[in-house]
Every structure is written in C-alpha cells, then in structure tokens.
Amino acid sequence: MNTQKTIHYTHNYLINPTNPITVNLIGAGGTGSRMLTELARMNHSLIALGHAGLQVNLFDDDVVTQANQGRQLFADAEVGLPKAVALINRTNRFFGTNWKAVTEQFSTKNLKSLPNRGRANLYISCVDTVSARFDIADFLLNCNINSDFERTKSLYWLDLGNAQNTGQAILSTIREIQQPDSKLYRTVPNLPMVTNEFKELLQTQSDTSEPSCSLAEALEKQDLFINASLASMGASLLWKLLREGMTAHRGFFLNLGNFKTEPIMVC
C-alpha cells in the first residue's frame with residue numbers, strides 16, 4: 001500500500017525568476033479588489049526576500065458605483081472611475097509598483113488588444129459568470145503555442161468564486177509541470193482545471209450577474225466578509241506555492257455561515 005504523501009512541486013521559474021512573475025488578475029469586484037491588495041503585500045515581501053517579485057495586469061471593464069462602496073472599499077472621489085484604474089493607481093502610489101490597469105474584459109474575442117496578447121505566468125480569475133470561466137479556460141488551453149521562453153509561458157490558474165456565504169478557490173496547472181524525482185512524496189505534474197473537474201456543476205448554475213443598485217442590495221447577495229476571506233486564503237495558497245516550492249493542497253471550500261473550511265488535496 002502506497003502511503004506516500006501526494007505533492008505538487010512548484011515550477012522552478014516561479015521560485016527563482018529572472019524577471020518579475022507576470023500575473024493577470026481578471027476581475028476587480030469584491031474578490032478581485034481584495035486580491036490586488038494581497039498581491040501587493042506579497043510582491044513587497046518577495047522583493048524583501050530577494051525574489052524578483054510580481055508584475056500585475058488588472059482586467060475589468062466596469063466603473064465604480066455607490067453600491068460598490070463598503071464591500072469593495074472605493075472612496076467617494078472614485079465613483080465613476082474605471083475600477084481597474086482606481087485600484088491600480090492607488091496600489092502604485094502606496095507600494096511604488098508599476099502595475100497596469102486594463103479597462104477591457106479578458107476575453108478570447110479581444111486578445112490582440114490585450115497586453116502581451118493575454119499571456120502571463122499566473123492567472124487569477126475573480127469573475128461572476130460561468131461563461132467567463134469557460135472563456136478563460138479556452139484561452140489557457142492554447143496560450144502556450146509559440147511560447148519558447150520560460151518568462152512568457154503560462155503556468156498556473158487560480159480561480160476564485162463565491163455565493164452569499166460560501167466560496168471556493170481552485171488552483172490548476174496550465175501545462176504539465178515537470179516534477180523532480182522524490183523518494184519522500186508521490187509527485188503530481190498536472191492539477192485539473194475547474195472547468196474540467198466541475199464542468200457539470202458549473203453548467204447548471206445561472207449565468208446572470210446583475211449590478212446592485214445600493215450597498216444594502218449588494219449585501220443581500222454577498223456577505224460583507226466573504227470576498228476578503230476568500231482573497232486572503234487564496235493568496236495564502238499562492239504564497240506557500242512560491243515560498244515553500246511545493247503544495248499538498250490545490251484549493252479549498254469556504255463556508256462563512258458555519259465558519260468551516262474544507263481543503264482540496266493534490267491527488
């Protein structure tokens with residue numbers, strides 16, 4: 001009987017890159033706006049530890065409304081501005097980064113107009129609709145064609161999604177990650193995509209995402225702290241992937257209604 005612990009080793013380039021790791025953060029709503037802050041903290045800490053850090057592109061074509069304030073921490077002066085621009089400007093001023101705002105949807109329909117045609121080492125999706133997830137997956141399945149350099153290869157996809165009190169984060173590999181020989185662990189080169197593993201479940205979900213007219217209405221749809229909790233735990237998964245060079249977990253399910261978390265193990 002094989003009792004070895006199952007592990008996925010991080011791609012070497014993310015541990016010791018020659019350039020900052022490129023990150024496409026898709027969605028600047030409740031979870032995406034929080035994730036941007038977590039990435040900024042992570043970048044600052046990585047650089048302090050001698051790492052090249054992160055270079056982030058934030059994608060969102062929405063603008064700030066009064067209903068966004070409170071849950072998404074936008075100021076009165078930012079109402080009416082593109083979400084991506086408001087968040088990136090604030091982050092760059094505070095942390096001294098040179099990250100980029102993209103006021104377009106990340107979609108296979110407009111790849112020619114996106115930075116580097118949508119390519120990055122790491123993708124983090126914080127989107128509201130099922131169709132957006134499948135569109136991202138379609139892109140990722142073909143994004144490594146004609147990419148010969150490690151710094152331009154797409155490696156991982158972290159998808160985060162939530163309902164009113166529940167949420168989940170799923171880490172996937174975009175290409176097979178070569179694993180070192182190990183006598184201690186059973187190594188896994190591929191982590192399945194959320195659109196493959198949970199395809200049938202996703203297809204049964206409603207694909208409507210109507211904007212809220214007020215903060216009170218928004219809070220009826222999503223708990224005040226579900227996005228922050230999900231972003232913080234998702235960022236912790238990435239942090240361990242980068243700092244420890246391996247992970248036994250590829251995600252988690254979170255329930256703030258009963259304060260329970262269920263890890264998803266590498267298998």
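Residues numbered from 1 in each chain as written. Predicted model: local features only at pLDDT ≥ 70, side-chain atom pairs only at ≥ 80, totals over all residues. Heavy atoms only, no water.

Chemist: How would you summarise the packing of aromatic side chains if you had to cite specific residues and measurements?
Modeler: One pass over the full model with this rule turns up six aromatic pairs. Consider the rings of F59 and F106, whose centres lie 5.2 Å apart with planes at 85 degrees: the pair is edge-to-face. Note that F59 is positioned in strand β3 (residues 54-59) and F106 in the loop between β4 (100-102) and β5 (122-125), a separation of 47 residues in sequence. Each of the two residues, F59 as well as F106, counts as buried. Among the aromatic residues, those joined into a ring-pair cluster are F59, F106, Y123 and F139. (Phe/Tyr/Trp six-rings, centres within 6.5 Å; stacked < 30°, edge-to-face > 60°. Helix = DSSP H or I, 4+ residues; strand = E, 2+ residues; numbered from the N terminus. Buried < 20%, exposed > 50% of the residue type's maximum accessible area, 1.4 Å probe, protein only.)

Chemist: Any chance you could break down the pairing of strand β7 (residues 166-173) for me, citing the residues and the numbers?
Modeler: The buried count for β7 comes to six of eight residues, which makes it a mostly enclosed element. In terms of strand pairing, strand β6 (residues 156-162) meets β7 through seven bridges, oriented antiparallel. Opposite N162, over in β7, you have G167 as the bridge partner. Joining the antiparallel neighbours β6 and β7 is a turn of three residues. Bridge analysis of β7 against strand β10 (residues 249-255) gives five bridges, and the strand direction is antiparallel. Across the sheet, the residue bridging to T166 is N255, located in β10. (Pairing = 2+ DSSP bridges.)

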